[in-house]
Every structure is written in C-alpha cells, then in structure tokens.
Amino acid sequence: MSYTNDDLAAVPIEKRVWGIGSYAALWISMSLCIPTYMLASSLIAGGMNWWEAMLTVFLGNTIVLIPMILNGHAGARYGIPFPVFARASFGIRGANVPALLRAVVACGWFGIQTWIGGYALYQLIHAWIPGIAQIPAIFPISWGLQTGPALTFLAFWGINMLVVSLGIESIRKLLLFKAVFLPAAALALLAWAIVAAKGLGPILNRPSQFKTFGEFWKFFVPGLTGMVGFWATLSLNIPDFTRYARSQRAQMAGQAIGLPSSMTAFAFVGVVVTGASAIVFGTAVWDPVVLAGKFESPLLVSFAMLAVAISTLATNIAANIVSPANDFSNLAPDCIDFKIGGYLTGLIGILIFPWKLVADPNGYIFTWLVAYSGLLGPVGGILIVDYFFIKKQNLVVDELYLKTGRYWYWRGVSVWAMLALVLGVLPNLPGFLTAIHAVPEKSFPEFLDQLYHYAWFAGFAVSGFSYWLFALFFVA
C-alpha cells in the first residue's frame, strides 16, 4: 500500500512562495464569513454587552494564534501537510485518527455553511413567492426541518457538489467576488444598524444582561472556549497552508497580523448589528440571513441573499473542502482524491443535521463549538509536545511516507499518542453528554460538568502532559 500521492507529498522549496501578505490575506478572507458574524452576535444574544463580546472574541483568537503558529512551523520547515505531520506523533496509520477527527469537524462546518447558503436562497424565493413557506411537511417533526428551507438547502448542496466536480480552480472567480462584495455588504449592514438604532450610542449603551459576575463567568468561559474552538480545526491543519511559506517569518508574522485583527473587526459588525436588532425588533436577531429576511423590499432581500449565497459558496469550497479532502486522501491515498474526498464531505455534512446546530446561540456555542474543541484540543497538545519537546523540531521527511521508517511504531500506530488522546478526551465526555441531554442532569459530579466549559484547554493540557510523561518513561 502506498502512503503518498500528489496531494500528500512535500512541497519542493522552489514552490514555497507565500509571503507575509499571503497569510494576512488568507486570514482576512477566511474571517470574512457569516459564521464569524454569528460567532460574535451569539455572544450578544446570550446576554453580553458590546465590549464583553469584543473582548471575548479578541482573547479567543489571540489564544488560538499560539498553536496556529506552532503547528504551522513544521509545514513551513518541511513542506508537509497536516495528515503527514500527524504521522510523526501518531504513526503513519495512526495519523488517520486525528485526520478523520479534523475531517468530520470540517464536514460539520461544510453542513453549517451549506445550510446558511440554502436558507439565503429560501429567503430570496420567499420574498417573491411567500407560498413556499406553506409547502406541506415531509420530514419527521423531530428533525426540526421545514420543507421549503430543506429544498433550498439540498439545491445549494447540489451546487457545492457541482463545483467540487469541476475542480478547485473553478472557485477563483467566486473568491474574487467575495473579497470585493462581503466587506461592502458588511459596511452596508453596519450603516443600517447605526441608522435604525439612531446612532451607535443606544447600541453601545445596551447593558449586559448578567446580574452578577457569577452569571457572566458561567457564560464567558464556554464563550471563550467557543472562540478558540472556532479555529481549532485550522490550528491543527494549518500546515496545509504553511507548507507553501517562503520562510517561518512569513507564516508567523502573516498569521499574527491577519487573524486576531480581521476576526475582531468583522465580529464588531455582528455585535453592532445584533445590538441594533434588539432595539429595532425587541429581540436580538443573531442570524444575519434571518435579519435580512425582515427587510420589506423584495429587491433588497434578493440582492442580499444572492450575495450571501455566492460568498458562502466560495468560503465553503476554500475552507471546508480542501482540508478534509486531504484528510480523507490520507486514509487511502490510492483510492481517494480531491473529488471523492469532497463528495464524502458533502454527504457527512448533511447527516450532521446542521440546521439544528445553528438553531440558537446556545446550540452553536455549547453543542457545536465547545464539543468539537474537546476533541481537537487534545490532538493539538500531542502534536506540539511531540514536535517541540520530544523531537526537537527534527523530522526525517522521507520516513514519514515509509512503512519501514521510524514513524511506523507498532503496526503503524503510536500506542502512547492514542492513549494520551483518549485521556485528553475523557474529562470532557461527562459535560458533553449533559450538554446534549444524553443523560439526566446531575448524573455526574458538578465539577465534571463545569470542566466541559474549558474543553479545549483541559483536553490540550491533559493530552500534552500525558504524552510527555509517556515519552519520558517509555519509547513514544
């Protein structure tokens, strides 16, 4: 069996041409998306005032920048993608576990973005044909899925799969449209908020809904974990991008410039607009697609929804197809290429029921962002400890692709990395089961439920420390 193909091979030095500007532009483009807006607006809907929400967003993105730069180091130094980098610590076969964990999360994001784009199409049609809302229900009530939005969701999903079939090059014009239009649309939405609320004053003066520091802290901690979790996927597979870096300085400076600033700036739009919606409509509308649907002009709604759909399509292919395609390819390099990986991503993206994840801010933060951060935090801890403290940044690239190399471990798997991963996930499991109501409340000691709010941090620390101990006393 082969453990390489054109997508997994190390990038030659002559093809590593990305500079500081490339990485800054990458993060600006990645940050300007509807989920970023919803990320900040969910904090407002959850009860924070504007500066509490902005502080939470900035802190979360500054924290996640650290593992982003650290994991990016191996990509820049050796030109290898994330699935191959993971082989150094998990084993050539064992790397499929973190790669698939990351891929499944990307599938979830694909589903969320596809639902947003499909619902935008629904709002566009509804502006002209209100009867679409009256189509009889055909899905089980437990699915929480109306027929009209379901049909447009499937239509938008089909468009995404068409782009996958055409190949990644077909997305260039859509990315250009997004880069030009979305900042303009964000400024237009910001202007509406300021005018509708009669200035920034009423928005910024809107008080926090938390009566005590304890109430604030109870929401702040999972909110911060959610901010970190938002980019926990990219903090792992960032080598997929830094493998093209001209130098370490390029990837480090470019990411430091682009990530916290662009996320905070675009999040400010979400904070202000959601605050304005609370003043204008009497309740905080945290979903911009739902908010745009409240406008009275069908032409305005159509323009806004078409723009959202196209820009979401561009983001989806660039951010949520490329990386999982590499991850699935690592599973069977001889059988799975970009297109097949894209189709697998699309299928799982439906099965994850994305409309339920974005139905309310608590589901978005507690069920989705915090939950998967509890899976990916442990992987990040193991990767960083292994690369910087165990292997001292020294990898033998050729052997990352060989069954006979030093990274084969036991039948292709590092038992110690797997054990450390399990140990990192276990402390977050009780809180997750409680959060999704899989068990009755108070089934576990309260401190375990509370620990779940620190899911990424707890998992990162436990797995990283466990792996270090195993390497200290055993052969990792």
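Above this text is the structure in question.
Thresholds, definitions, all that
- Residues numbered from 1 in each chain as written.
- Predicted model: local features only at pLDDT ≥ 70, side-chain atom pairs only at ≥ 80, totals over all residues.
- Heavy atoms only, no water.
- 1 Å grid on protein atoms, 1.4 Å probe; cavity = no way out; pocket = protein on both sides within 12 Å on 5 of 7 lines; lining within 4 Å.
- Points joined across faces, edges and corners; volume = space filled by probe spheres on them.
- Helix = DSSP H or I, 4+ residues; strand = E, 2+ residues; numbered from the N terminus.
- Nonpolar A, V, L, I, M, F, W, Y, C, P; charged D, E, K, R; others polar.
- Core = buried A, V, L, I, M, F, W, Y, C linked by side-chain atoms within 4.5 Å.
- Buried < 20%, exposed > 50% of the residue type's maximum accessible area, 1.4 Å probe, protein only.
- Contact = heavy atoms within 4.5 Å.
- Polar contact = N/O pair within 3.5 Å; in protein donor to acceptor, adjacent residues only side chain to side chain.
- Salt bridge = Lys/Arg side-chain N within 4 Å of Asp/Glu carboxyl O.
- Phe/Tyr/Trp six-rings, centres within 6.5 Å; stacked < 30°, edge-to-face > 60°.
- Axes fitted to C-alpha atoms, helices over the stretch in contact; angles between N-to-C directions.
- Parallel < 35°, antiparallel > 145°, perpendicular 65-115°, else oblique.
- Left-handed = near helix turned anticlockwise from the far one by under 90°.
- Expected span 1.5 Å × (residues − 1).
- Arc of directions from axis to C-beta.

Q: Kindly report on the layout of surface pockets, identifying the contributing residues and their values.
A: The calculated volume of the second largest pocket comes to roughly 600 Å³. Around the second largest pocket, the lining is made up of 18 residues, and of these Lys218, Thr434, Asp449, Gln450 and His453 lie nearest the centre. Elements with a minimum of two residues in the lining of the second largest pocket: helix H9 (213–230), helix H20 (429–435) and helix H21 (446–451). Tallied by class, residues from the lining of the second largest pocket come to seven nonpolar, five polar and six charged.

Q: Please provide a residue-by-residue account of the nonpolar core, values included.
A: Counting 126 residues, the largest nonpolar core has Ile80 and Trp231 as its most contacted members. Ignoring any residue separated from it by four or fewer positions in sequence, one finds Trp231 in contact with Trp27, Met30, Ser31, Asn61, Val64, Met68, Leu259 and Met263. With five residues, the next largest nonpolar core counts Cys107, Phe328, Ala332 and Ile336 among its residues.

Q: Break down the environment of Phe328 for me, citing the residues and quoting the values.
A: Within the secondary structure, Phe328 is located in helix H15 (residues 322–331). Among the residues examined, Phe328 registers a relative accessible area of 6% and is labelled buried. Taking C-alpha positions, Phe328 is 6.9 Å from Leu100, a pair spaced 228 residues apart along the chain. Non-local contacts of Phe328, meaning those with residues more than four positions away in its chain, are made with Leu100, Ala103, Cys107, Ile336, Gly341, Leu344, Thr345 and Ile348.

Q: I'd like a description of the side chain of Asn320, backed by residues and values.
A: Its location among the elements puts Asn320 in helix H14 (residues 298–320). A polar atom in the side chain of Asn320 sits 2.9 Å from the side chain of Asn316. Among residues more than four places away in sequence, those in contact with Asn320 are Ala106, Trp109, Phe110, Gln113, Thr315 and Thr345.

Q: Pulling in residues and values, what's your account of the pattern of salt bridges?
A: Under the defined criterion, the tally for this structure stands at two salt bridges. Across the salt bridge formed by Asp386 and Lys391, the nearest N and O atoms sit 2.7 Å from each other. Per residue, the accessibility class of Asp386 equals that of Lys391, and both read buried.

Q: Could you give an account of the environment of Ala185, with specific residues and numbers?
A: If you trace the backbone, Ala185 turns up in helix H7 (residues 172–196). Ala185 sits 123 residues away from Val308 along the chain, and the two C-alpha atoms are 9.1 Å apart.

Q: Got a sec to walk through empty space enclosed by the protein? Specific residues and values, please.
A: Applying the stated rule across the entire model yields two cavities of 30 Å³ or more. Together, 14 residues line the largest cavity, and Trp109, Gln113, Trp231, Ala319 and Asn320 are the ones closest to its centre. Listed by contribution, the elements that provide at least two residues to the lining of the largest cavity are helix H5 (96–128), helix H10 (232–237) and H14. A per-element tally of the lining of the largest cavity places H5 first, with four residues. Of the residues in the lining of the largest cavity, the class split is nine nonpolar, four polar and one charged. For the second largest cavity, the calculated volume is near 50 Å³.

Q: Explain the packing of aromatic side chains residue by residue, including any values.
A: Under the criterion given, the structure shown has 28 aromatic pairs. Ring centres of Trp109 and Phe230 lie 5.3 Å apart, and the angle between their planes is 80°; this geometry places the pair in the edge-to-face category. Of the two residues, Trp109 sits in helix H5 while Phe230 sits in helix H9, which places them 121 residues apart along the sequence. Residue class for Trp109 comes out buried when judged on its relative accessible area of 6%. The class for Phe230 is buried, based on a relative accessible area of 3%. Aromatic side chains Trp109 and Tyr372 sit 6.4 Å apart centroid to centroid with 80° between the ring planes, which places their arrangement in the edge-to-face category. Of the two residues, Trp109 sits in helix H5 while Tyr372 sits in helix H18 (residues 361–390), which places them 263 residues apart along the sequence. Cluster of aromatic residues (ring-pair linked, three or more members): Trp115, Tyr119, Tyr122, Phe139, Trp143, Phe153, Phe353 and Trp355.

Q: Give a detailed account of the packing of helix H6 (residues 147–166) against helix H16 (residues 338–351), specifying residues and quantitative values.
A: Two quantities define a packed helix pair, namely the angle between the helix axes and the distance between the axes. The interhelical angle for the contact between H6 and H16, taken along N-to-C directions, is 165°, at an axis separation of 9 Å. Here H6 is positioned roughly antiparallel relative to H16, judged by the angle of their axes. Like other packed secondary-structure pairs, H6 and H16 cross with a definite hand, here right-handed. Listed contacts from H16 to Phe153, Leu154, Trp157, Met161, Val164 and Ser165 of H6 are Phe338, Lys339, Gly342, Tyr343, Gly346, Leu347 and Ile350. Class assignment for the residues of the contact of H6 with H16 results in nine nonpolar, three polar and one charged.

Q: Can you lay out helix H1 (residues 20–31) for me, pointing to particular residues and giving the numbers?
A: Helix length check: H1 (twelve residues) gives 17 Å between terminal C-alpha atoms against 16 Å at 1.5 Å per residue, within 8%. When we look at burial in H1, the residues that qualify are Tyr23, Ala24, Leu26, Trp27, Met30 and Ser31. What you see down the axis of H1 is that its buried residues fit within an arc of 155°, all on one side.

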